[in-house]
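# Fold and geometry: a report
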Amino acid sequence: MTIPSDIAQTIVDPRAYADGKQVDDAFAWLRKEAPLEQAQPEGFDPFWVVTRHADILEVERQNELFHNGDRSTVLTTIEADKKVREMMGGSPHLVRSLVQMDNPDHMAYRRLTQGSFVPQSLRPLEARIREIARGFVDRMAAHGTQCDFARDVAFLYPLHVIMEVIGVPESDEPRMLKLTQELFGSADPELNRTGDTAQTTDEGVDTIQSVVMDFMLYFNAITEDRRINPRNDLASVIANGTVNGQPLGHLEAMSYYIIAATAGHDTTSSTTAGALWALAENPEQFAKVKADPSLIPGLIEESIRWVTPVKHFMRTATADAELAGKKIAKGDWMMLSYPSGNRDEAVFADPFKFNVERTPNKHVAFGYGAHVCLGQHLARMEMRVLWEELFARLESVELDGAPRNMTASFVCGPKSVPIRFKMH
């Protein structure tokens, strides 16, 4: 069986993710009727759609059997893949970060910064993160009774934290935000570089490549500086780091910066904006957390599940395999659908309800296994500190207009959350 073409088309359509319900309905149908089948939307190579929580974990657990880097790690059209390979000398990747790597490289490159992101290394940062969070709560209060929580707070707070960790000056933060939105929002005319809704394959790949080049130009200068003047920051670790006794290759070093400078804030921003959107729509949940701040960790896990900012990663089978009773052939491409796993009725009771007291909450939004998100502990700490500071002062919140998601099928979250609020 192949997945019906209308469903296959929906799960690759950036507009369906912007809509939210459309893609939720498609995945709910798949979990019930075709939890592991192949899709072949027009213009794409066929790929397996992995919709169930258990099957996603099974693939993530076996990182030697299911590779990240053999084919594109992000869903891409046949034409776009061809164009990237022509540009990159046969490689399907415009960048080569931890996400595009398999072992032994993945582990060797991950080890370079892993120590910076473990809880005990992050603990000394908490006081500074709290100072930053407090500043953003003050900034929100200065708006009076209305603001766009996504644009005025959620986008800027995690951005400031990660740029300080990397060593990017505050004056360059707007540039980093703009480049991140151009990269992840390449299908969104309000965010992408061209302002176009539909670009040809060539234009689309060229636009993304130009964003990547801008990042590389910027971080090249930072690398040169940190080699002469190393500091206590992530940029110095990357600029002066070695893997297997050799300095990082140019593409690998630049890719390391890019993933830290984009995924390092965008996914946290999306989750934070999505959390307040959900709280504004569910005043009883807001009231619970307001009355009992010990529910903040539960709010964080539920909002990560709820938003699931990374919508998919692709994997490639390195050998013939079996998954959930289906025969997967060597070379087959597989889409791990995280939002579907996070709405799986077999794991989450009432999955379409936002519930800050949900326990256990074993969401798959950070991935699992060898490729689990490197920055997950920092993301949780940033959110916890912000909610502690905000809930201490926020009396009430409601929507002040319709929130909107970005148009994107890979990394996607709210781009506008207009709210009306009372603060003391």
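Relevant structure appears above.
Keep in mind it's a predicted model, so treat the numbers as computed, not measured.

## Looking at the sheet that holds strand 14 (residues 418–423)
- Taken together, three strands build an open sheet; the order of strands is 4-14-11 and the sheet is antiparallel. In this open sheet, the two strands that pair with only one neighbour each are strand 4 (146–148) and strand 11 (394–399). This sheet shows a mean twist of 30° between the axes of neighbouring strands, independent of strand direction.
- Alignment of strand 11 against strand 14, held across five bridges, turns out to be antiparallel.

## Description of the pairing of strand 2 (residues 47–50)
- With burial as the criterion, each face of strand 2 is covered, one bearing Phe47 and Val49 and the other bearing Trp48 and Val50.
- In terms of strand pairing, strand 1 (residues 36–39) meets strand 2 through four bridges, oriented antiparallel. Residue pairing for strand 2: glutamine 38 is matched across the bridge by tryptophan 48.
- As paired strands, strand 2 and strand 10 (residues 333–337) are joined by three bridges and run parallel to one another. The residue bridging valine 50 from the neighbouring strand is leucine 336, located in strand 10.

## Thoughts on the pattern of salt bridges
- A full pass over the atoms with the stated rule returns 40 salt bridges.
- Here arginine 85 makes a salt bridge to aspartate 81, at a shortest N to O gap of 2.8 Å. Taken together, the residues span about one helical turn, with arginine 85 and aspartate 81 both in helix 5 (residues 78–87) at a distance of four residues.
- Look at arginine 85 and you get partly exposed, because its relative accessible area is 28%.
- Put simply, aspartate 105 and arginine 96 hold a salt bridge, and the shortest N to O gap is 2.7 Å.
- Note on arginine 96: relative accessible area 24%, which makes it partly exposed.
- Each member of the salt-bridge network shares a partner with another, and the members are Glu126, Arg130, Arg134, Arg384, Glu388 and Glu389.

## Notes on unusual backbone geometry
- In the segment running from asparagine 103 into proline 104, the intervening peptide bond is cis, with an omega of 5°.
- Structurally, proline 104 is set in the loop between helix 5 and helix 6 (105–114).
- With an omega dihedral of -5°, the bond running from threonine 359 to proline 360 counts as a cis peptide bond.
- As for its position among the elements, proline 360 is in the loop between helix 17 (338–341) and helix 18 (376–391).
- Within the chain, threonine 308 stands out as a residue other than glycine whose phi angle is a positive 40°.
- Inspection of the secondary structure puts threonine 308 in the loop between helix 16 (296–307) and strand 7 (312–317).
- For alanine 324, which is not glycine, the phi torsion reads 50° and is therefore positive.

Conventions adopted
Residues numbered from 1 in each chain as written. Predicted model: local features only at pLDDT ≥ 70, side-chain atom pairs only at ≥ 80, totals over all residues. Heavy atoms only, no water. Pairing = 2+ DSSP bridges. Helix = DSSP H or I, 4+ residues; strand = E, 2+ residues; numbered from the N terminus. Axes fitted to C-alpha atoms, helices over the stretch in contact; angles between N-to-C directions. Buried < 20%, exposed > 50% of the residue type's maximum accessible area, 1.4 Å probe, protein only. Salt bridge = Lys/Arg side-chain N within 4 Å of Asp/Glu carboxyl O.

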